[in-house]
There are 2 protein chains.
Amino acid sequence: MHANGFQASGVAEITAAAGVPKGSFYNHFVSKEAFGLEVLDRYFGELEELADATLNNRSRPALERLRAFFDALTASLEAGNWVQGCLMGNLSLEVSPSSEAIRSRLSHLFQGWSFQVATCIAEAQATGEIRNRSNAALLADFAVNAWEGAVLRMKVERNSRALDEVKAVLFSAVLA
Amino acid sequence: MHANGFQASGVAEITAAAGVPKGSFYNHFVSKEAFGLEVLDRYFGELEELADATLNNRSRPALERLRAFFDALTASLEAGNWVQGCLMGNLSLEVSPSSEAIRSRLSHLFQGWSFQVATCIAEAQATGEIRNRSNAALLADFAVNAWEGAVLRMKVERNSRALDEVKAVLFSAVLA
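Residues numbered from 1 in each chain as written. Chains lettered and ligands numbered in written order. Predicted model: local features only at pLDDT ≥ 70, side-chain atom pairs only at ≥ 80, totals over all residues. Heavy atoms only, no water.

Colleague: I'd like a description of the overall build of chain A, backed by residues and values.
Modeller: Counting its regular elements, chain A contains eight helices and zero strands. Tracing chain A from N to C terminus, the helices and strands come up as α-α-α-α-α-α-α-α. Along the three orthogonal principal directions, the C-alpha set of chain A runs to about 60 × 30 × 30 Å. In chain A, buried positions account for 54% of the 176 residues. A separation of at least 24 residues holds for 64% of the contacts in chain A among residues at least 6 apart in sequence. Looking at charge distribution, chain A has the averaged site of its 16 positive side-chain charges lying 3 Å from that of its 20 negative ones. (Helix = DSSP H or I, 4+ residues; strand = E, 2+ residues; numbered from the N terminus. Buried < 20%, exposed > 50% of the residue type's maximum accessible area, 1.4 Å probe, protein only. Contact = heavy atoms within 4.5 Å. Lys, Arg positive; Asp, Glu negative; His and termini not counted. Charge placed at Lys NZ, Arg CZ, Asp CG, Glu CD.)

Printed below as a string of structure tokens:
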């Protein structure tokens with residue numbers, strides 16, 4: 001689903017990849033949409049683990065944690081050969097127009113992601129590491145969305161350039 | 001294709017929407033991919049018309065043209081009820097992993113878009129309207145990609161908030 005998209009991942013392919021009978025799918029999920037919601041929650045769980053090791057690791061200065069978080073995201077995207085991108089971003093464009101349940105879950109998960117980034121930005125503003133005095137929630141939304149846009153461009157270019165660029169500008173002009 | 005995506009738009013639906021016999025499709029296009037390339041070129045043509053009326057309208061100061069350009073993009077997204085989003089962004093995430101021809105065309109079109117924005121940024125730097133001295137091409141890539149990310153978030157939220165936020169931060173911290 002991450003590599004091929006939601007529509008292109010049929011129930012037969014999903015059960016074949018899992019090595020279970022096709023008929024068993026609906027014993028576990030009432031619909032492919034319900035499966036998609038579960039996949040999204042698992043993916044966000046991995047993002048939170050990554051955030052806990054970097055963004056929320058209070059042993060380091062806040063601005064350093066923000067940098068470490070985006071560097072860790074970069075490493076995870078490199079592991080996908082700059083092709084898979086972000087599952088949340090992929091489903092946002094592909095599925096949110098047609099599934100209200102997935103759209104609503106994505107909205108909730110993006111808010112959770114932005115909130116964690118905002119908390120760290122507010123801390124860096126309080127310590128003076130970030131001098132930009134704009135509202136931390138606004139800056140966090142901006143950073144998360146700009147990141148998703150860079151990941152989109154990365155998928156088109158199949159290299160890290162857009163990620164390098166978004167980090168360079170974020171940390172020189174916005175989170176500075 | 002803009003509303004439903006590439007995969008979800010079958011040849012039968014395309015020809016039905018155009019009011020022509022299904023069989024005639026392949027008289028005009030060697031494949032659905034070739035049709036997708038044509039759709040992208042048309043879409044980019046509309047983007048260029050919008051850019052000519054705003055970004056490239058030399059009768060106004062450069063920074064004002066940049067603002068007018070992103071405001072005009074906002075109006076076109078409002079016309080799509082905050083749901084359709086940007087066709088280039090949509091196909092970037094949905095199709096670029098599976099179609100090399102579409103991926104390569106998107107790369108080319110994004111470069112063209114960034115180049116026009118970079119030209120206007122460089123002019124605003126030269127006149128002192130933008131004091132940020134970073135490379136204009138870098139700032140343009142950043143702005144275009146941040147915009148695409150905001151459009152992605154807009155599709156999830158179904159309102160203009162992410163677009164308002166990206167413009168607020170771009171023009172207060174990056175193109176400032």
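Colleague: Could you give an account of the interface of chain A and chain B, with specific residues and numbers?
Modeller: Counting residues at the interface gives 40 residues for chain A and 40 residues for chain B. Carbon and sulfur atoms make up 62% of the area that chain A and chain B hide from each other, which totals about 3,600 Å². A:Arg158 is paired through a salt bridge with B:Glu100; the nearest N and O atoms lie 3.8 Å apart. Elements represented by at least two residues in the side of chain A that touches chain B include exactly helix 5 (87-94), helix 6 (100-127), helix 7 (136-157) and helix 8 (161-174) of chain A. Examining the composition of the side of chain A that touches chain B, we find that 15 residues originate from one element, helix 7 of chain A, more than from any other. Looking at the side of chain A that touches chain B, its residues break down into 20 nonpolar, 10 polar and 10 charged. (Buried area = accessible area lost by both parts, 1.4 Å probe. Salt bridge = Lys/Arg side-chain N within 4 Å of Asp/Glu carboxyl O. Nonpolar A, V, L, I, M, F, W, Y, C, P; charged D, E, K, R; others polar.)

Colleague: Outline the packing of aromatic side chains, supporting the account with residue identities and numerical values.
Modeller: Summed over all chains, the structure comprises 17 aromatic pairs over all chains. Between B:Phe25 and B:Tyr26, the ring centres sit 5.0 Å apart and the planes meet at 75 degrees, which makes this aromatic pair edge-to-face. One aromatic cluster is present, formed by A:Phe25, A:Tyr26, A:Phe29 and A:Phe35 through successive ring pairs. The cationic tip of A:Lys32 hangs over the ring face of A:Phe6; the distance from NZ or CZ to the ring centre is 4.4 Å. (Phe/Tyr/Trp six-rings, centres within 6.5 Å; stacked < 30°, edge-to-face > 60°. Lys NZ or Arg CZ within 6 Å of the ring centre and 35° of its normal.)

Colleague: Which residues make up the nonpolar core, and what are the values?
Modeller: The biggest cluster of nonpolar side chains holds 122 residues, and the ones touching the most others in it are A:Met88, A:Trp113, B:Met88 and B:Trp113. Setting aside residues up to four positions removed in sequence, A:Met88 forms contacts with A:Leu40, A:Tyr43, A:Phe44, A:Leu47, A:Leu106, A:Leu109, A:Phe110 and A:Trp113. (Core = buried A, V, L, I, M, F, W, Y, C linked by side-chain atoms within 4.5 Å.)

Colleague: Got a sec to walk through the relation of the copies chain A and chain B? Specific residues and values, please.
Modeller: The two copies are related by a screw operation: chain A maps onto chain B through 180 degrees of rotation and 0.0 Å of translation along the axis, at an RMSD of 0.0 Å. Both copies of the chain, as the preceding transformation shows, are related through a two-fold rotation axis. (Least-squares fit on C-alpha atoms with pLDDT ≥ 70 in both.)

Colleague: Before we move on, could you go through a negative patch on the surface and cite the residues and values that matter?
Modeller: Among the surface-exposed residues, A:Glu46, A:Glu48, A:Glu49 and A:Asp52 lie close enough to one another that they form a single negatively charged patch. Using a relative accessible area of 53% as the deciding quantity, one classes A:Glu46 as exposed. (Patch = residues over 30% accessible without salt bridge, like charges linked within 9 Å, V, L, I, M, F, W, Y side chains within 5 Å. Areas by Shrake-Rupley, 256 points an atom, 1.4 Å probe, with all protein chains shown as cover.)

Colleague: Kindly report on unusual backbone geometry, identifying the contributing residues and their values.
Modeller: Residues and elements named next belong to chain A. Its identity is not glycine, yet asparagine 81 carries a phi of approximately 55 degrees, on the positive side. Among the structural elements, asparagine 81 can be located in the loop between helix 4 (62-79) and helix 5. What makes asparagine 81 exposed here is its relative accessible area of 57%.

Colleague: Describe in detail the pattern of salt bridges, supporting the description with residues and values.
Modeller: Under the definition given, this model contains 22 salt bridges over all chains. Salt bridges sharing partners connect three or more residues here, namely A:Asp141, B:Arg153, B:Glu157, B:Arg161 and B:Glu165.

Colleague: Can you break down empty space enclosed by the protein residue by residue, with the values?
Modeller: Residue and element names in this part refer to chain B. By the definition in use, this model includes three cavities of 30 Å³ or more. Roughly 40 Å³ of internal volume is contained in the largest cavity. As for the largest cavity, its lining consists of Phe44, Leu47, Glu48, Ala51, Leu55, Phe69, Trp113 and Gln116. If you list the elements that add at least two residues to the lining of the largest cavity, you get helix 3 (32-53) and helix 6 (100-127). Ranked by residue count, the leading element in the lining of the largest cavity is helix 3, at four residues. Broken down by class, the residue content of the lining of the largest cavity amounts to six nonpolar, one polar and one charged. (1 Å grid on protein atoms, 1.4 Å probe; cavity = no way out; pocket = protein on both sides within 12 Å on 5 of 7 lines; lining within 4 Å. Points joined across faces, edges and corners; volume = space filled by probe spheres on them.)

Colleague: Talk me through the environment of B:Glu123; I want residue IDs and the actual numbers.
Modeller: Residues and elements named next belong to chain B. Position of glutamate 123 among the secondary structure elements: in helix 6. In this structure the C-alpha to C-alpha distance between glutamate 123 and leucine 63, which are 60 residues apart in sequence, comes to 8.5 Å. If near-sequence neighbours (up to four positions away) are discounted, glutamate 123 is found in contact with Arg58, Ala62 and Arg65.

Colleague: Summarise the environment of A:Leu40; cite the residues concerned and give the values.
Modeller: All names here are of chain A. Looking at the element boundaries, leucine 40 is found in helix 3 (residues 32-53). Measuring from C-alpha to C-alpha, the distance between leucine 40 and leucine 87 comes to 7.5 Å, with 47 residues separating the pair along the chain. Excluding anything up to four places from it in sequence, leucine 40 contacts Leu87, Met88, Leu91, Ile102, Arg105, Leu106 and Leu109.

Colleague: So, the packing of helix 5 of chain A against helix 5 (residues 87-94) of chain B: which residues are in play, and what are the values?
Modeller: Where helix 5 of chain A meets helix 5 of chain B, the closest approach of the two axes is 9 Å, and the angle between their N-to-C directions is 125 degrees. Considering the angle they form, helix 5 of chain A stands oblique to helix 5 of chain B. Both helix 5 of chain A and helix 5 of chain B take part in a crossing whose hand is left-handed. The residues of helix 5 of chain B that touch helix 5 of chain A, namely those facing A:Gly89, A:Asn90 and A:Leu93, are B:Gly89, B:Asn90 and B:Leu93. Classifying every residue of the contact of helix 5 of chain A with helix 5 of chain B gives two nonpolar, four polar and no charged. (Axes fitted to C-alpha atoms, helices over the stretch in contact; angles between N-to-C directions. Parallel < 35°, antiparallel > 145°, perpendicular 65-115°, else oblique. Left-handed = near helix turned anticlockwise from the far one by under 90°.)

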